[in-house]
Amino acid sequence: MMHMTFYWGKQATILFDGWKTTTWADYSLSLIALFLSSIILQYISNLEVTSLLTGKTSSSTSSPSVKAPLLGKNILSISLGKRFLRSGVFGVRVGIGYLLMLAAMSFNGGVFIAIVLGFAVGHFLFVKGNTTSVTTPEEELSACG
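One numbering rule holds for all chains: residues counted from 1, following each sequence as written. Since the coordinates come from a predicted model, pLDDT governs what is reported: local features require at least 70, and pairs of side-chain atoms require 80 or more to be given and counted, while whole-chain, interface and lining totals use all residues. Each side-chain value is worked out from all heavy atoms of the structure, with water and hydrogens disregarded.

Strands are runs of DSSP state E lasting at least two residues, helices are runs of H or I lasting at least four, and both sets are numbered from the N terminus onward. An expected span of 1.5 Å times one less than the residue number is assigned to each helix. The end-to-end C-alpha distance of helix α1 (residues 24-45), which contains 22 residues, comes to 31 Å, matching closely the 32 Å that a straight helix rising 1.5 Å per residue would cover. Turning to α1, its buried residues are Y27, S30, L31, L34, S38, I39, L41, Q42 and I44. Burial status follows relative accessibility: with a 1.4 Å probe on protein chains alone, a residue under 20% of its type maximum counts as buried, one over 50% as exposed, and anything between as partly exposed.

In structure tokens, the structure reads:
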């Protein structure tokens, strides 16, 4: 049965008919898997692919070249292979994000809480403390974001 409101219980269908939980053990393992998937997604979201490939941070530049407006990144210095890798990581991140969103749409309260707690733990573990916001104070107050 497809629920359209939040419910609590061990019987849940997560993502597809083959992933049904009927026992507390199945349900607990599913919650742990979703929790860990959220942490992994938060890690991937904060991963700097350029630093993994070149050993440099995003603030270091080797030579002056063409820069993208407003972004300040060297667009001509990134090789095709690196761009494919970055695009692949982006695709994996978006795919995992959509799967987690669809899992949360099972409307099971435990599933929803496991996903949100996983994002919170991942944020605590992987987001650097000195991050800066790219929005202006007026944009942060806007209801539409």
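From this point on, the discussion continues.
Bringing the packing of α1 against helix α3 (residues 80-104) into the picture now. Relative orientation of the contacting elements α1 and α3 amounts to 145 degrees, with a least axis distance of 10 Å. Read as a crossing pair, α1 and α3 show a hand that is left-handed. Every residue of α3 that contacts α1 at L34, S37, S38, L41, I44 and S45 is listed here: V89, V92, R93, I96, G97, L100 and A103. A per-class count over the contact of α1 with α3 returns 8 nonpolar, 4 polar and 1 charged. In this analysis an axis means a line fitted to C-alpha atoms, helices contributing only their contacting stretch, and an angle means the value between N-to-C directions, from 0 to 180 degrees. We call a crossing left-handed when the near helix sits turned anticlockwise from the far one by less than a right angle, and right-handed when that turn is clockwise. Note on contacts: a residue pair qualifies if any of its non-hydrogen atoms lie within 4.5 Å across the two residues. Under the scheme applied, nonpolar residues are Ala, Val, Leu, Ile, Met, Phe, Trp, Tyr, Cys and Pro; charged residues are Asp, Glu, Lys and Arg; polar residues are all the others, including Gly.

Mapped onto the elements, T5 comes out in the segment before β1 (12-13). In this structure T5 comes out as exposed when scored by relative accessible area, which is 54%. Between the C-alpha atom of T5 and that of M105, which follows or precedes it by 100 residues, the distance is 9.4 Å.

Here the focus is the confidence of the model for the protein. The predictor's confidence in any single residue is recorded as pLDDT, a number from 0 to 100. With 68% of its residues at a pLDDT of 70 or more, the protein shows a mean pLDDT of 80. Below pLDDT 50 for its whole length, residues 60-64 participates in 4 contacts with residues either more than four positions away or in separate chains.

This next bit is on the packing of aromatic side chains. Between two aromatic rings, the relevant description is the distance of the centres plus the angle of the planes. Centre distance within 6.5 Å is the pairing criterion for rings of Phe, Tyr and Trp, where only the six-membered ring of Trp is used; planes under 30 degrees apart are then read as stacked, over 60 as edge-to-face, and the remainder as tilted. According to the stated counting rule, one finds 5 aromatic pairs in the structure shown. Arranged with centres 5.6 Å apart and planes meeting at 80 degrees, the rings of F6 and F107 form a pair that is edge-to-face. Here F6 is found in the segment before β1, whereas its partner F107 is found in the loop between α3 and α4 (109-126), with 101 residues between them in sequence. When the centroid spacing of 6.2 Å and the interplanar angle of 50 degrees are considered together, the rings of F16 and W19 count as tilted. Here the aromatic residues F6, F107 and F112 are joined through ring pairs into a cluster of three or more.

Mapped onto the fold, T21 is located in strand β2 (residues 20-21). Polar contacts here mean pairs of N or O atoms no more than 3.5 Å apart (in protein, one a potential hydrogen donor and the other a potential acceptor; neighbouring residues in sequence count only if both atoms are side-chain atoms). Of note is the side chain of T21, whose polar atom sits 2.6 Å from the backbone oxygen of K10. With residues near it in sequence (within four places) discarded, T21 still touches K10, Q11, A12, I14, D26, Y27 and S30.

For α4, with 18 residues, the first-to-last C-alpha span of 26 Å sits near the 26 Å given by 1.5 Å per residue. Taken together, the buried residues of α4 touch α1 and α3. For α4, the capping residue at the N-terminal end is N108, with a side-chain oxygen 2.9 Å from the backbone nitrogen of G110.

As a further point, take the UniProt feature "transmembrane region" (unreviewed entry) in the protein. UniProt positions are given in the numbering used here, feature names are shortened, and annotations may be inferred rather than shown by experiment. Annotation from UniProt places "transmembrane region" (unreviewed entry) at residues 24-44 and 110-127. End C-alpha to end C-alpha, residues 24-44 measures 30 Å, and it is 100% helix and 0% strand.

Take unusual backbone geometry next. For L15, which is not a glycine, the phi torsion comes out positive at approximately 70 degrees. The residue L15 is located in the loop between β1 and β2 in this model. Under the relative-accessibility criterion, L15 is labelled partly exposed at 34%. In the Ramachandran plot, F107 falls in the positive-phi region, its phi being about 65 degrees despite a non-glycine side chain.

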